[in-house]
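# Analysis of the macromolecular model
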Amino acid sequence: MVLLSIQQEATGSPLKPVVGVGGLRLPRTGTKQGAPCLDFETWRGTNPDRQPPDAHKKSADRAAILMENGDHGDLPVLDVHPPHEPVLNWRDFLIHLFTITIGLLIAVGIEGCVEWREHRHLANEAAASMTDEIRSNAKDLQGVSSDIHKQQATLKEDVAMLKQVLQTGKLPHGTLSVHFSITDFDEVSWKTAQSTGALAFMPYSQAQEFSNIYNTQEELRTAEHQAARDAIVSLGTIAPMEDNKDDMSPADAKTMMTNIGILQGQLLLVDALVTDLDGEYRKYLAAHPQD
């Protein structure tokens, strides 16, 4: 605590600095009798043993003497201390409450603006990354539908050969061909956007658009894996015939026809999903052309 007061000297003798316990008086040298001087008393700490018990009383007495002997209008008035005014009425209470509220609102507003900019930057970065990923997947999807149609035509030829086996008991000259390829789609940007929560900071329509595309893409991936499994099951029928491929029993031919029929049905689902996904890709990329 710093107590600063002005003291009227009553004697003409020069004053000397006086250092006391916890205090310091700094008079102005060469002061005339009756001239004011500044008296500083600095008390540090809160230990009552090191502070004179009448410190506040001495300061008040000096201020009273000064006001009695000096000219009120000519003396400078300096009082340095933190405001500790009590709240005496509702007006003071409301002023303090309003000040605190305004300060809190300003702080929360600034923090909200900073977070909004960070979230918006994260959402824009995720959207740009997923757009590039969709553009790359759209290129990989080109030609998948035509490949499926070729596989369907091959499977029809296989069924025709198996029907001859059922009639003659022998496999005619030709080749049974069952194959299927899986399209490799990228989804790193989509999974990253989900893990970082970037989708939550996007407009609802934009997040829904990305979700529809990647959900259809996942459905196509699942259907392709099922088609690949069906193809493997179909090949399992002729796998034991490596030594003599011309011999096939009618029972094996019937089993293989059943498995190929399941694969043909699965290919119809895959082809429909490819068409849907290609349409969604085209629609999105038309609305977001590459710079």
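Conventions we followed
All residue numbers refer to positions counted from 1 along the written sequence of the respective chain. Owing to the predicted nature of the model, reporting of local features is limited to residues with pLDDT of at least 70; listing and counting of side-chain atom pairs is limited to 80 or more, with chain, interface and lining totals taken over all residues. By convention in this description, side-chain values take in all heavy atoms of the structure and omit both hydrogens and water. By definition, any uninterrupted DSSP run of H or I lasting at least four residues is a helix, any uninterrupted run of E lasting at least two residues is a strand, and each is numbered from the N terminus. Using a 1.4 Å probe on the protein chains alone, a residue whose accessible area is under 20% of its type maximum counts as buried, one over 50% counts as exposed, and one in between counts as partly exposed. The method behind every accessible area is Shrake-Rupley, applied with a 1.4 Å probe, and residues are considered shielded solely by the protein chains displayed. Residues belong to a common nonpolar core when they are buried Ala, Val, Leu, Ile, Met, Phe, Trp, Tyr or Cys residues joined through side-chain atoms within 4.5 Å. Note on definitions: a residue-residue contact is assigned when non-hydrogen atoms from the two residues lie within 4.5 Å. It is the directions from the helix axis to the C-beta atoms that the arc portrays. Put simply, a salt bridge is a Lys or Arg side-chain nitrogen that is within 4 Å of an Asp or Glu carboxyl oxygen. Fitting a line to C-alpha atoms yields each axis, with helices limited to the stretch in contact; the angle taken between N-to-C directions then spans 0 to 180 degrees. Should the near helix be turned anticlockwise from the far one by less than a right angle, the crossing is left-handed, and should it be turned clockwise, the crossing is right-handed.

## Quick look at the overall build of the protein chain
- The helix and strand tally for the protein chain stands at six helices and four strands.
- Along the protein chain, from the amino end to the carboxyl end, the secondary structure elements read β-β-β-β-α-α-α-α-α-α.
- Across the 291 residues of the protein chain, 31% fall into the buried class.
- For the protein chain, the accessible area works out to roughly 19,300 Å², and carbon and sulfur atoms hold 59% of it.

## Overview of the nonpolar core
- Ranked by size, the top nonpolar core spans 47 residues in total, and within it Met-130, Met-202 and Phe-210 carry the most contacts.
- For this core, the secondary-structure elements that each account for two or more residues are α2 (90–141), α3 (144–168), α4 (188–196), α5 (204–235) and α6 (250–287).
- Here this core takes twelve residues from α6, the largest share from any one element.
- Residues in contact with Met-130, not counting those within four places in the same chain, are Ser-189, Trp-190, Ala-193, Leu-199, Met-202, Phe-210 and Tyr-214.

## Here we look at α4
- Taken as a whole, α4 has its buried residues at Ser-189, Trp-190 and Ala-193. The buried residues of α4 occupy one face: seen down the axis, they fall within an arc of 105°. Along α4, the residues that are exposed and aim more than 90 degrees away from the buried face are Val-188 and Ser-195.
- Buried-residue contacts for α4 involve α2 and α5.
- Looking one or two residues beyond α4, the residue adopting positive phi is Gly-197, at roughly 75°.

## Some remarks on the pattern of salt bridges
- Scanning the model with the defined rule gives five salt bridges in all.
- Residues Arg-135 and Asp-132 are paired through a salt bridge, measuring 3.5 Å at the closest nitrogen-oxygen approach. With a gap of three residues between them, Arg-135 and Asp-132 both fall in helix α2, about one helical turn apart.
- Overall, Arg-135 belongs to the buried group, its relative accessible area being 13%.
- We note a salt bridge from Asp-278 to Arg-282, for which the minimum N-O separation is 2.8 Å. Highlighted residues: Asp-278 and Arg-282, both in helix α6, separated by four residues, approximately one helical turn.
- Because the salt bridges share partners, they merge into one network encompassing Glu-187, Lys-191, Glu-218 and Arg-221.

## Overview of the packing of α2 against α5
- At a minimum axis separation of 12 Å, α2 and α5 run at an interaxial angle of 35°. You can see that α2 and α5 cross each other, and the crossing is left-handed. Within the contact between the two elements, α2 uses Ala-127, Met-130, Thr-131, Glu-133, Ile-134, Asn-137 and Leu-141 and α5 uses Gln-206, Phe-210, Ile-213, Tyr-214, Gln-217 and Leu-220.

## With respect to the environment of Gly-169
- Take Gly-169: it is sitting in the loop between α3 and α4.
- Residue class for Gly-169 comes out partly exposed when judged on its relative accessible area of 30%.
- For Gly-169 and Ala-253, which are 84 residues apart along the polypeptide, the C-alpha to C-alpha distance reads 9.1 Å.

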